[in-house]
Amino acid sequence: MAAAKKAVLGPLVGAVDQGTSSTRFLVFNSRTAELLSHHQVEIKQEFPREGWVEQDPKEILQSVYECIEKTCEKLGQLNIDISNIKAIGVSNQRETTVVWDKLTGEPLYNAVAAPVSPGPSDPVAAVPSGSAVPAAGTSSVWLDLRTQSTVENLSKRIPGNNNFVKSKTGLPLSTYFSAVKLRWLLDNVRKVQKAVEEDRALFGTIDSWLIWSLTGGANGGVHCTDVTNASRTMLFNIHSLEWDKELCEFFEIPMKILPNVRSSSEIYGLMKAGALEGVPISGCLGDQSAALVGQMCFQDGEAKNTYGTGCFLLCNTGRKCVFSEHGLLTTVAYKLGRDKPVYYALEGSVAIAGAVIRWLRDNLGIIKTSEEIEKLAKEVGTSYGCYFVPAFSGLYAPYWEPSARGIICGLTQFTNKCHIAFAALEAVCFQTREILDAMNRDCGIPLSHLQVDGGMTNNKILMQLQADILYIPVVKPSMPETTALGAAMAAGAAEGVGVWSLEPEDLSAVTMERFEPQINAEESEIRYSTWKKAVMKSVGWVTTQSSESGDPSIFCSLPLGFFIVSSMVMLIGARYISGIP
């Protein structure tokens with residue numbers, strides 16, 4: 001029976017999925033896209049100072065080796081021969097920055113982590129400067145603030161009428177992207193400075209560090225990245241698909257430390273150690289691009305939304321670079337082969353998605369587990385006119401309004417925790433619609449449906465609400481590991497591997513769960529317009545910079561000062577009337 005199973009399986013492809021909180025290795029059947037086995041290892045985040053977020057590059061690398069070994073053991077227990085694994089793809093957290101010594105293979109500093117959800121506008125403007133503490137419920141890697149002053153200094157050197165950084169990269173000048181993290185390392189870490197002076201330093205995002213290490217490291221490791229990860233550094237020209245000399249000079253980054261830029265699907269090198277020694281690494285995609293490929297969004301105007309702590313929305317704009325007028329990012333979607341065309345995407349993000357559920361759990365205590373939110377929402381089936389705008393640290397795309405703060409409005413005596421739970425789920429859906437509306441305005445291609453993935457998609461009420469609020473079908477694959485699947489597809493399709501066909505007629509028919517709108521278009525629009533009214537009510541709460549930057553004066557906010565004074569007067573009056581000494 002085991003032999004028969006082996007015969008049916010055919011070629012397999014592995015995928016490293018390296019994220020901010022964990023590393024996983026997954027193995028897929030290249031003919032059916034079936035997930036056969038996987039292993040996951042949690043990784044630590046370090047916080048050496050308030051607002052700083054780092055990770056140990058060696059721990060990340062070790063977690064990859066551990067995941068590969070454990071997955072191979074599990075395959076053995078299933079009587080699956082690991083020699084059937086013909087290729088490995090890599091998907092990674094983007095923008096996180098590593099500098100290491102090419103002679104010793106040792107990192108010269110910890111990896112400087114990227115936020116979970118990007119701000120397509122400069123976070124210095126989008127998040128008030130005093131906000132070193134993440135919004136309640138958000139992930140700890142929300143924002144590494146150390147590069148804030150670097151961005152402020154650099155922004156003064158960009159002419160107001162010629163933002164060459166954005167026109168070449170599709171990105172705004174921001175603490176989020178790798179160039180400013182690298183600039184900070186060069187300015188502040190003597191070991192990095194010395195290694196650059198002595199021609200020993202190599203720079204890369206996590207994909208580069210892993211591929212270099214796995215293909216031999218100091219003994220002939222391949223120093224490369226792919227176009228999707230390169231496009232998130234702010235040093236890469238997304239039109240010429242090359243490192244840009246002017247950008248490198250602007251950031252004062254020596255080009256000799258940068259990795260070679262390759263396509264997302266080609267053989268970069270061979271595994272040099274471990275259970276899969278000799279297997280080619282032949283796919284590489286930043287995590288959101290990998291999810292776009294895994295969702296098979298290969299046509300212009302097809303989009304996917306990943307629901308996590310925040311939401312990441314990518315819309316394939318085809319072979320044309322579409323620049324947003326609504327605060328979205330222009331990025332490289334994929335280039336699936338050395339001689340294949342490059343495809344672009346618009347990217348938008350919802351800052352607070354799953355984080356709002358955790359806020360209800362951890363801060364308000366109205367649920368004990370995140371899963372309970374669906375049960376509460378189901379009990380009432382409506383928010384009963386209650387709207388929740390989770391602008392915990394301002395409004396992001398498409399508003400970019402740092403003065404906003406979270407509000408719950410439309411409350412009545414009838415409102416209970418079930419209505420608030422329902423409103424929280426609606427908030428995720430309304431925010432998603434705002435991003436998709438901005439995408440539609442930018443690229444002029446209305447969506448016919450939305451592909452979805454991520455942990456929150458297990459919530460059926462959320463998925464139905466999303467279909468109702470967008471008024472288009474929401475489509476969820478039955479196999480949720482779309483990010484890893486995308487990396488595996490790129491690896492298996494690479495020239496010289498050729499075990500995974502990306503031709504439309506050959507792509508495996510993945511089972512989908514489809515949520516159709518169940519309300520009429522008029523009701524959908526009424527609910528959306530009421531949401532927009534609630535959003536406007538959230539604006540203007542933070543009226544001065546000093547109130548956000550730790551001004552100790554209790555009167556920096558007039559309403560707060562008035563409240564405290566009036567409360568003291570009432571208390572003194574009450575004590576006087578009651579005769580308390």
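Predicted, not measured: the structure shown is a model, and the values here were computed from it.

A short note on the packing of helix H12 (residues 354-364) against helix H14 (residues 417-443)
Point 1. In the contact formed by H12 and H14, the axes pass within 9 Å of each other and the chain directions differ by 160°. Comparing their axes, H14 and H12 come out roughly antiparallel. For the element pair H12 and H14, the recorded crossing hand is right-handed. Where H12 approaches H14, its residues Val 356, Ile 357 and Leu 360 are matched on the opposing element by Ile 420, Ala 421, Ala 424, Leu 425 and Val 428.
Point 2. Its residues assigned to classes, the contact of H12 with H14 shows 8 nonpolar, no polar and no charged.

Regarding helix H13 (residues 372-380)
Point 1. Here H13 has its buried residues at Ile 373, Leu 376 and Ala 377. Down the axis of H13, the smallest arc covering the buried residues is 95°, so these residues share one side. Seen from the buried face of H13, the exposed residues on the opposite side, beyond 90 degrees, are Lys 375, Lys 378 and Glu 379.
Point 2. Buried residues along H13 sit against H12, H14 and helix H15 (460-470).
Point 3. Once H13 ends, the next one or two residues include Gly 381, with phi positive near 70°.

Remarks on the side chain of Ser 22
Point 1. Relative to the helices and strands, Ser 22 is located in strand S2 (residues 22-29).
Point 2. Excluding residues that lie within four positions of it along the chain, Ser 22 makes contacts with Asp 17, Gln 40, Val 41, Glu 42 and Ile 43.

Some points on the sheet that holds strand S3 (residues 35-42)
Point 1. The strand order S3-S2-S1-S5-S14-S13 describes an open sheet built from 6 strands, whose pairing is mixed. The sheet terminates laterally at S3 and strand S13 (265-270), the two strands that pair on one side only. Across this sheet, the average inter-strand angle for adjacent strands is 25°, counted without regard to direction.
Point 2. Relative to strand S14 (residues 280-286), strand S5 (residues 85-92) runs parallel, the two being bridged by 5 bridges.

A look at the confidence of the model for the protein
Point 1. Within the protein, residue pLDDT values average 85, and 86% of them lie at 70 or more.
Point 2. pLDDT under 50 marks residues 1-8. Its contacts with residues more than four places away, or in other chains, come to 4 contacts.
Point 3. Note on residues 545-581: pLDDT is under 50 here. Beyond four places in sequence and across chains, it has 21 contacts.

Quick look at the side chain of Asn 305
Point 1. Within the element layout of this structure, Asn 305 appears in strand S15 (residues 303-307).
Point 2. For Asn 305, a relative accessible area of 0% translates into the label buried.
Point 3. Among the polar contacts made by the side chain of Asn 305, one reaches the side chain of Tyr 307 at a distance of 3.2 Å.
Point 4. Look past the residues within four positions of Asn 305 in its chain and what remains in contact with it is Cys 311, Phe 312, Leu 313, Thr 432, Leu 450, Gln 451, Val 452 and Asp 453.

Side note on the sheet that holds strand S16 (residues 311-318)
Point 1. Read across the open sheet, the 7 strands follow the order S17-S18-S16-S15-S21-S22-S23; overall the sheet is mixed. The open sheet terminates on both sides in strands that have one partner only, identified here as strand S17 (329-334) and strand S23 (512-515). Strand-to-strand twist of the sheet, defined as the mean angle between neighbouring strand axes without regard to direction, takes the value 30°.

Examining the environment of Asn 305
Point 1. Sequence-wise, Asn 305 and Val 350 are 45 residues apart; in three dimensions their C-alpha atoms are separated by 9.9 Å.
Point 2. At a separation of 3.4 Å, a polar atom in the side chain of Asn 305 contacts the side chain of Thr 432.

Description of the nonpolar core
Point 1. Counting 68 residues, the largest nonpolar core has Tyr 307, Leu 360, Phe 388 and Leu 450 as its most contacted members.
Point 2. When residues in this core are grouped by element, the largest group, 16 residues, is from H14.
Point 3. Other than its neighbours up to four places away in sequence, Leu 360 contacts Gly 365, Ile 366, Ile 367, Ile 373, Phe 388, Ile 420, Ala 421 and Ala 424.
Point 4. By size, the runner-up hydrophobic cluster in this structure holds 44 residues, among which are Trp 52, Phe 164, Ala 201 and Ala 230.

What about the packing of helix H4 (residues 148-155) against helix H6 (residues 178-188)?
Any two packed helices are characterised by how steeply their axes cross, that is the angle between the axes, and by the distance between the axes.
Point 1. One can describe the packing of H4 onto H6 by two numbers: an axis separation of 9 Å at closest approach and a directional angle of 105°. Regarding the angle of H4 to H6, the classification is roughly perpendicular. Across from Thr 150, Val 151 and Leu 154 in H4, the residues of H6 making contact are Val 180, Arg 183 and Trp 184.
Point 2. Its residues placed into classes, the contact of H4 with H6 shows 4 nonpolar, 1 polar and 1 charged.

Concerning the pattern of salt bridges
Point 1. Under the defined criterion, the tally for this structure stands at 27 salt bridges.
Point 2. The salt bridge partner of Arg 232 is Glu 95, with a shortest N-O separation of 2.6 Å. Of the two residues, Arg 232 sits in the loop between helix H9 (227-230) and strand S10 (236-237) while Glu 95 sits in the loop between S5 and strand S6 (97-101), which places them 137 residues apart along the sequence.
Point 3. The exposure class assigned to Arg 232 is buried, which follows from its relative accessible area of 0%.
Point 4. Judged by its relative accessible area of 1%, Glu 95 falls in the buried class.

Considerations on the state of the cysteines
Note on terminology: a disulfide is the covalent bond linking the sulfur atoms of two cysteines.
Point 1. Applying the stated criterion across every chain, the model contains 0 disulfides.
Point 2. Of all cysteine sulfurs in the structure, the one in Cys 409 sits closest to Cys 386, which takes part in no disulfide; the separation is 7.2 Å.

The rules behind the values
Residues numbered from 1 in each chain as written. Predicted model: local features only at pLDDT ≥ 70, side-chain atom pairs only at ≥ 80, totals over all residues. Heavy atoms only, no water. Axes fitted to C-alpha atoms, helices over the stretch in contact; angles between N-to-C directions. Helix = DSSP H or I, 4+ residues; strand = E, 2+ residues; numbered from the N terminus. Parallel < 35°, antiparallel > 145°, perpendicular 65-115°, else oblique. Left-handed = near helix turned anticlockwise from the far one by under 90°. Contact = heavy atoms within 4.5 Å. Nonpolar A, V, L, I, M, F, W, Y, C, P; charged D, E, K, R; others polar. Buried < 20%, exposed > 50% of the residue type's maximum accessible area, 1.4 Å probe, protein only. Arc of directions from axis to C-beta. Pairing = 2+ DSSP bridges. pLDDT = per-residue confidence, 0-100. Polar contact = N/O pair within 3.5 Å; in protein donor to acceptor, adjacent residues only side chain to side chain. Core = buried A, V, L, I, M, F, W, Y, C linked by side-chain atoms within 4.5 Å. Salt bridge = Lys/Arg side-chain N within 4 Å of Asp/Glu carboxyl O. Disulfide = S-S within 2.5 Å.

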